[in-house]
Amino acid sequence: MNLDALFALLTEARVRSGHSDYVVIGSLSILGLEDAFDIPQDMTLSNDIDCYTRDDPDSTFDLVAALGENSAWHQGHGYFLDAVTPALPTLAEGWQARLIPVSRDGLTAWFLDPNDAAISKYARGEPRDRRWIRAGIRSGVVSLPLVRSRLRSLTFLDDEESVRARRLMEEDQAWRDTAAN
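Residues numbered from 1 in each chain as written. Predicted model: local features only at pLDDT ≥ 70, side-chain atom pairs only at ≥ 80, totals over all residues. Heavy atoms only, no water.

Student: Is there a simple way to think about the environment of R134 in this case?
Tutor: Among the secondary structure elements, R134 is positioned in helix α5 (residues 127–139). Exposure remark for R134: the relative accessible area of 22% places this residue in the partly exposed category. With sequence-adjacent residues up to four places away left out, R134 is seen in contact with E171, D172 and W175. (Helix = DSSP H or I, 4+ residues; strand = E, 2+ residues; numbered from the N terminus. Buried < 20%, exposed > 50% of the residue type's maximum accessible area, 1.4 Å probe, protein only. Contact = heavy atoms within 4.5 Å.)

Student: How do you make sense of unusual backbone geometry when you look at a structure like this?
Tutor: Negative phi values dominate among residues other than glycine, just as trans dominates among peptide bonds. Phi is positive for N70, which is not a glycine, with a value near 70 degrees. Inspection of the secondary structure assignment puts N70 in the loop between α2 (64–67) and α3 (72–77).

Student: Hey, could you run me through the packing of helix α4 (residues 114–124) against α5 in this one?
Tutor: Contact geometry for α4 and α5: axes closest at 9 Å, N-to-C directions at 150 degrees. With respect to α5, the element α4 is oriented roughly antiparallel. Where α4 crosses over α5, the two elements pack in a sense that is left-handed. In this structure, α4 contributes P114, A117, A118, K121, Y122 and R124 to the contact, and α5 contributes R128, D129, R130, W132, I133 and I137. Here the residues of the contact of α4 with α5 are counted per class, giving seven nonpolar, no polar and five charged. (Axes fitted to C-alpha atoms, helices over the stretch in contact; angles between N-to-C directions. Parallel < 35°, antiparallel > 145°, perpendicular 65-115°, else oblique. Left-handed = near helix turned anticlockwise from the far one by under 90°. Nonpolar A, V, L, I, M, F, W, Y, C, P; charged D, E, K, R; others polar.)

Student: What's the story with the pattern of salt bridges in this structure? I'm lost.
Tutor: Opposite charge on two side chains allows them to pair when their charged atoms are near. Scanning the entire structure with this criterion turns up 16 salt bridges. A salt bridge links R150 to D116, with the nearest nitrogen and oxygen atoms 3.2 Å apart. Linking R150 in helix α6 (residues 144–151) with D116 in helix α4, this pair joins segments that are 34 residues apart in sequence. Exposure remark for R150: the relative accessible area of 13% places this residue in the buried category. For K121, the salt bridge is made with D129, and the minimal N-O distance between the two is 3.0 Å. One exposure class covers both K121 and D129, and it is buried. Residues participating in the shared-partner salt-bridge network are R130, R134, R167, E171 and D172. (Salt bridge = Lys/Arg side-chain N within 4 Å of Asp/Glu carboxyl O.)

Student: Is there a simple way to think about α4 in this case?
Tutor: Side chains three or four residues apart in an α-helix point the same way, a direct result of the helix having 3.6 residues per turn. Summarising burial for α4: ten of the eleven residues are buried, a large majority. Those residues of α4 lying buried are P114, N115, D116, A117, A118, I119, S120, K121, Y122 and A123. Of the surrounding secondary structure, the elements contacted by the buried residues of α4 are β4 (100–104), α5, α6 and α7 (159–180). Two or three places before N115, at the start of α4, stands the capping residue D113, its side-chain oxygen 2.9 Å from that residue's backbone nitrogen. The positive-phi residue at the C-terminal boundary of α4 is G125, with phi of around 75 degrees. (Polar contact = N/O pair within 3.5 Å; in protein donor to acceptor, adjacent residues only side chain to side chain.)

Student: Explanation requested: a negative patch on the surface in the structure shown.
Tutor: Together, D55, D56, D58 and D62 make up a negatively charged patch on the protein surface. You can see D55 is positioned in the loop between β2 (48–53) and α2. The exposed category is assigned to D55, whose relative accessible area is 65%. (Patch = residues over 30% accessible without salt bridge, like charges linked within 9 Å, V, L, I, M, F, W, Y side chains within 5 Å. Areas by Shrake-Rupley, 256 points an atom, 1.4 Å probe, with all protein chains shown as cover. Lys, Arg positive; Asp, Glu negative; His and termini not counted. Charge placed at Lys NZ, Arg CZ, Asp CG, Glu CD.)

Student: Hey, could you run me through the packing of α6 against α7 in this one?
Tutor: Two measures define how a pair of helices packs: the angle their axes make with one another and the distance between the axes. Relative orientation of the contacting elements α6 and α7 amounts to 160 degrees, with a least axis distance of 11 Å. Regarding the angle of α6 to α7, the classification is roughly antiparallel. The way α6 lies across α7 gives a crossing that is left-handed. Here L144, V147, R148 and L151 of α6 come into contact with α7, specifically with R166, M169, E170, D172, Q173 and R176. In terms of residue class, the contact of α6 with α7 is made up of four nonpolar, one polar and five charged.

Functional significance is not addressed by these values, which are geometric in nature.
Now the structure itself:
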C-alpha cells in the first residue's frame, strides 16, 4: 500500500460523500510519512484503510457499500475503506494535535502520529500489531520512551488492556535492548 493508492480511494470517497478531510488511523497511518522516509514494508501490509470523515465521522459508514470490504472497489483494487469512529482506537491525550496532514488535489488526509498508532496497537496486542511496532522501532519512527511517556496520560478500556499494553511495551524494550547489544 502507498500514498497514491490511499489518495485514489479518498478521491472516490469525496466524489460519493462530498467530504474532503479524512482521518486515517491504524497501520496505514504510517503513510503520512511516506514523503519523509522509506517506510518498512512490514508497516504497509494492510489492505484496509481505517478512516473516518473529519467533520462528520458517522457519514463514513455510508461509503462502506461502495468502497468497503467486498465492494466493487475492493474487488477491482485489492484494498478498501474500513469505516471507523474516533472512539475506536485507544489513544493518549493530545493525539488530535499530533495528526500529520497531507494534502493532494483539494483532499487532506490527517494521519495518526506513529507513536500514537503504536499505543493503540499495544492496547490491541495482536501479532500483526507487534510486527508493525517492531518495524517502526527498527526504523526509528516509533520511540519507546515517547510511547511510555504518552501512556501516562492514557485511559485504557479496562485493567486487562492496560496490563497487556504495558507488558508488550516492556517486552519490546527488552527485545530492542537485546538487538542493540
